[in-house]
Amino acid sequence: SELIRGFLLSGMPCPSSCPPGLLALMAPGLALMATFSLPSQAGDRRALPVEKAPGVKGRTLILLDVNTKSPVRIISENFLSLQLDPSIIHDGWLDFLRAREGYCHVAGTAPLAVPAYKTLQQVFLNEEPSCCPSKNEETTFPLFKESPSVSDIVRSDIALDKQKGCKIAQHPDIMLELQREKAAQMHLVLLKEQFSNTYSNLTLTARSLDKLYNFADCSGLHLIFALNALRRNPNNSWNSSNALSLLKYSASKKYNISWELGNEPNNYRTLIGRSVNGSQLGKDYIQLRSLLQLIRTYSRANLYGPNIGRPRKNVIALLEGFMKVAGSTVDAVTWQHYYIDGRVAKVTDFLKTRLLDTLSDQIRKIQKVLNTYTPGKKIWLEGVGATSAGGMNNLSDSYAAGFLWLNTLGLLASQGIDVVVRHSFLDHGHNHLVDQNFNPLPDYWLSLLYKRLIGPKVLAIHVAGLQRKPRPGRVIRDKLRIYAHCTSYHNHNYVRGSITLYIINLHRSRKKIKLAGTLRDKIVHQYLLQPYGKDGLHSKSVQLNGQPLAMVDDGTLPELKPRPLRAGRTLVIPPLTMSFYVVKNVNALACRYR
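Every chain's residues receive numbers from 1 upward, in the order its sequence appears when written. The predicted origin of the model limits local features to residues at a pLDDT of at least 70 and limits the giving and counting of side-chain atom pairs to 80 or more, whereas totals for whole chains, interfaces and linings rest on all residues. Side-chain calculation: all heavy atoms of the structure are included, whereas hydrogens and water are not.

### Focus: the overall build of the protein chain
Looking only at helices and strands, the protein chain has twelve helices and 27 strands in total. Split into buried and exposed, the 594 residues of the protein chain put 61% on the buried side. Summed over all atoms, the accessible surface of the protein chain reaches about 22,900 Å², with 50% contributed by carbon and sulfur. Strands are runs of DSSP state E lasting at least 2 residues, helices are runs of H or I lasting at least 4, and numbering of each runs from the N terminus. For each residue, the accessible area found with a 1.4 Å probe, counting protein chains only, is set against the maximum for its type, and the residue is called buried under 20%, exposed over 50%, and partly exposed in between. Note that accessible areas follow from Shrake-Rupley with a 1.4 Å probe, and for residues the cover is restricted to the protein chains shown.

Okay, structure coming up:
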């Protein structure tokens with residue numbers, strides 16, 4: 001399982017330019033995770049069939065109103081988070097995390113970042129390290145690769161100096177090019193290990209841990225570290241000796257870290273030849289909590305888990321056993337979800353409403369278990385991506401993948417999931433938010449807009465005009481998905497009481513929406529995201545209201561300019577698009593106060 005589950009960014013929204021002095025002003029609400037991926041395959045570039053708009057015609061007017069009196073859910077300020085992977089320590093990307101581009105990318109997207117934990121690596125400590133390694137000596141914490149799919153991390157090699165503060169490292173272009181070559185070679189080694197199901201150890205030195213923590217600290221992030229659960233005693237209980245060494249070292253440095261133990265425990269039999277049931281896993285977590293309480297620095301630290309995989313029958317049984325024993329021990333229950341096998345995905349898969357709806361069923365299964373054993377316990381989706389197995393080039397890193405991502409955010413928020421951790425920020429696969437040149441990909445811009453415009457209060461919507469009769473034997477699923485929140489309090493362009501709608505149109509015809517009730521006759525700001533260039537849904541570039549989005553320079557994000565719509569104007573939603581609409585000055589009671 002992957003290791004460093006994440007960093008939490010907190011503070012105010014990041015301005016267009018992100019100099020080092022503004023690190024503390026980064027916007028809240030996002031998390032960061034990175035992971036390796038499987039080899040890319042050519043995407044399916046066949047032309048999409050043209051649909052003869054069944055039922056609802058393009059000229060049909062849809063009436064939309066929002067309940068502005070009270071929210072139906074309130075999610076975490078750190079709702080949108082990103083995953084980072086410890087493999088960055090192994091392949092060298094950690095030393096490039098301090099650069100200005102990586103800094104700004106992380107700052108732009110938010111407050112919560114969680115170290116990568118998808119399927120591959122977990123930290124475990126060798127022998128007990130010396131507390132204070134000498135100048136020429138490094139404390140080592142080996143990383144054990146758990147399962148297929150290693151990953152990368154975000155760019156930002158930031159050094160923390162208590163006297164001089166945080167510094168941004170400068171790397172010549174030739175160094176970055178050499179790093180890409182090194183990482184590509186390492187990726188081939190990791191793939192070979194993955195397919196042979198034999199893994200070598202990775203080593204995390206004290207210096208690397210220091211760099212990682214300093215990156216998080218200088219970025220205003222909170223680090224969540226996942227300890228290796230694969231070290232087992234003869235009686236199958238967790239061997240915590242290495243973990244204790246790591247905890248003592250981190251405490252000696254006064255590092256503010258939250259903790260996890262293991263990743264996808266349902267797969268341990270495949271990885272180490274023995275399974276760990278829910279009851280034993282619960283006892284392992286209680287043991288970890290006891291260790292934390294013995295160390296003053298971490299006596300009140302947060303603990304998350306068990307980070308199970310897809311909740312099938314055997315996984316649910318594992319979760320039930322865990323919750324019986326350790327449900328009160330963890331601060332939030334975590335699990336993972338990946339929609340498609342990345343090796344066989346097609347662009348049409350990303351448009352299937354049936355696929356978008358698979359997440360709802362998983363949420364219900366997890367909630368049912370928690371309602372039985374620990375009602376009210378927070379739930380995190382701590383590892384989510386469009387595709388598993390690393391994704392596919394020009395598909396899971398394209399505009400088309402955004403439909404799954406934006407719907408995931410809307411669905412999770414509406415069902416009260418407290419935090420979602422996106423896999424991943426940067427990796428060798430094709431599920432990432434930025435490429436290896438640190439150019440933002442479509443899901444990055446989508447995440448950035450979400451972070452800038454969406455607040456934690458979720459509002460109920462009322463829609464009329466979508467009804468149509470189902471064809472015999474056919475299930476009717478909603479291809480127009482609408483979600484509503486209070487506008488982010490951190491966005492000072494809008495007064496409190498404003499509302500933000502975000503809309504996914506999977507129809508191949510435009511849809512018209514008339515705002516009604518409290519939204520009627522209000523000025524609206526439109527943020528319409530469409531693919532840019534000739535590749536259409538396969539495009540890795542996007543345009544906002546007709547203007548292509550790109551970094552101004554290595555350290556400057558572009559201004560995200562809305563298109564003002566006159567009061568009372570009908571919203572016209574183009575086919576196969578995603579969009580945000582800020583309804584200004586609604587003075588919504590639910591949104592006036594935090």
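### A few points about empty space enclosed by the protein
Residues are called lining when one of their atoms sits within 4 Å of a cavity or pocket point, these points coming from a 1 Å grid over the protein atoms alone, where a cavity is a set in which a 1.4 Å probe fits but cannot get out and a pocket is an open set with protein on both sides within 12 Å along at least five of seven lines. Grid points are joined across faces, edges and corners, and a volume is the space filled by probe spheres set on the points. One pass over the full model with this rule turns up five cavities of 30 Å³ or more. Here the second largest cavity is characterised by a volume of approximately 50 Å³. Grouping the amino acids of the lining of the second largest cavity by side-chain chemistry returns three nonpolar, one polar and five charged. Residue classes follow a fixed rule: Ala, Val, Leu, Ile, Met, Phe, Trp, Tyr, Cys and Pro count as nonpolar, while Asp, Glu, Lys and Arg count as charged, and any other residue, Gly among them, counts as polar.

### Remarks on the environment of Leu292
Its place among the elements puts Leu292 in helix 7 (residues 278-294). Each C-alpha atom of the pair Leu292 and Leu303 lies 9.3 Å from the other, and the pair is eleven residues apart in sequence. Residues in contact with Leu292, not counting those within four places in the same chain, are Leu247, Trp259, Tyr298 and Ser299. Pairs of residues are marked as contacts when any of their non-hydrogen atoms sit within 4.5 Å.

### What to know about the pattern of salt bridges
Criterion for a salt bridge: a side-chain nitrogen of Lys or Arg within 4 Å of a carboxyl oxygen of Asp or Glu. Applying the stated criterion to the full structure yields ten salt bridges. Lys365 is paired through a salt bridge with Asp361; the nearest N and O atoms lie 3.5 Å apart. Pair noted here: Lys365 and Asp361 are both in helix 10 (residues 358-373), with a separation of four residues, about one helical turn. Overall, the relative accessible area of 35% leaves Lys365 in the partly exposed class.

### Side note on the nonpolar core
For our purposes a nonpolar core is just a set of buried Ala, Val, Leu, Ile, Met, Phe, Trp, Tyr and Cys residues, chained together by side-chain atoms within 4.5 Å. Among the nonpolar cores identified, the biggest contains 118 residues, and Trp259, Tyr298, Trp335, Tyr450 and Phe580 are the most heavily contacted of them. Per-element tally for this core: the top contributor is helix 11 (residues 402-414), with eight residues. Of all hydrophobic cores here, the second largest spans 24 residues; its members include Leu480, Cys486, Leu501 and Val583.

### Examining the pairing of strand 4 (residues 80-84)
For strand 4, the buried fraction is high: five of the five residues fall into the buried class. A two-sided burial pattern is seen for strand 4, the buried positions comprising Leu80, Leu82 and Leu84 on one face and Ser81 and Gln83 on the other. Two strands qualify as a pair provided DSSP detects at least 2 bridges between them. Sheet analysis places strand 4 next to strand 16 (residues 419-422), joined by three bridges and oriented parallel. Across the sheet, the residue bridging to Leu82 is Arg422, located in strand 16.

### Description of the packing of aromatic side chains
Note on aromatic contacts: the rings of Phe and Tyr and the six-membered ring of Trp form a pair at centre separations within 6.5 Å, being stacked when their planes are under 30 degrees apart, edge-to-face when over 60 apart, and tilted otherwise. Following the criterion strictly, the structure yields eleven aromatic pairs and no others. Following the ring pairs from residue to residue traces out a cluster consisting of Phe79, Tyr450, Tyr483, Tyr502 and Phe580. The ring of Trp405 has Arg422 lying over it, and the distance from NZ or CZ to the ring centre is 4.8 Å. We count a charge as sitting over a ring when the NZ of a lysine or the CZ of an arginine lies within 6 Å of the ring centre and within 35 degrees of the ring normal. We note Arg496 situated over the ring of Tyr489; from NZ or CZ to the ring centre the distance is 4.9 Å.

### What about the packing of helix 4 (residues 206-218) against helix 5 (residues 241-252)?
Relative to each other, helix 4 and helix 5 sit at 55°, their axes nearing to 12 Å. Of the possible angle classes, the one that applies to helix 4 and helix 5 is oblique. The element helix 4 and its partner helix 5 pack so that their crossing is right-handed. Residues Ala206, Leu209 and Asp210 of helix 4 lie in contact with helix 5, whose contacting residues are Leu246, Tyr249 and Ser250. Partitioned by chemical class, the residues of the contact of helix 4 with helix 5 number four nonpolar, one polar and one charged. Convention adopted: a line fitted to C-alpha atoms gives each axis, helices being fitted over their contacting stretch, and angles between N-to-C directions are expressed from 0 to 180 degrees. Relative orientations are named as follows: roughly parallel for angles under 35 degrees, roughly antiparallel for angles over 145 degrees, roughly perpendicular for angles from 65 to 115 degrees, and oblique for any other angle. Crossing chirality is assigned from the near helix's rotation relative to the far helix, an anticlockwise turn below a right angle marking it left-handed and a clockwise turn marking it right-handed.

### Some details on unusual backbone geometry
In terms of backbone geometry, most residues other than glycine have negative phi values and most peptide bonds are trans. Of the consecutive residues Gly305 and Pro306, the connecting peptide bond is found in the cis state with omega at 5°. A positive phi angle is found at Asp521, which is not glycine, with a value near 60°. For Asp521, the location among the structural elements is in the loop between strand 21 (511-515) and strand 22 (524-531).

### Considerations on the state of the cysteines
Cysteine sulfur atoms that pair up within 2.5 Å are treated as a disulfide. For the coordinates displayed, the defined rule picks out one disulfide. Residue pairing for Cys486: its cysteine sulfur links by disulfide to Cys591, the two sulfurs lying 2.0 Å apart. When the S-S torsion is -75°, as for the bridge of Cys486 with Cys591, the disulfide is left-handed. Here Cys486, found in strand 19 (residues 480-487), pairs with Cys591, found in the segment after strand 27 (577-583); they are 105 residues apart in sequence, far enough to count as distant. A single burial state applies to Cys486 and to Cys591, both of which are buried.

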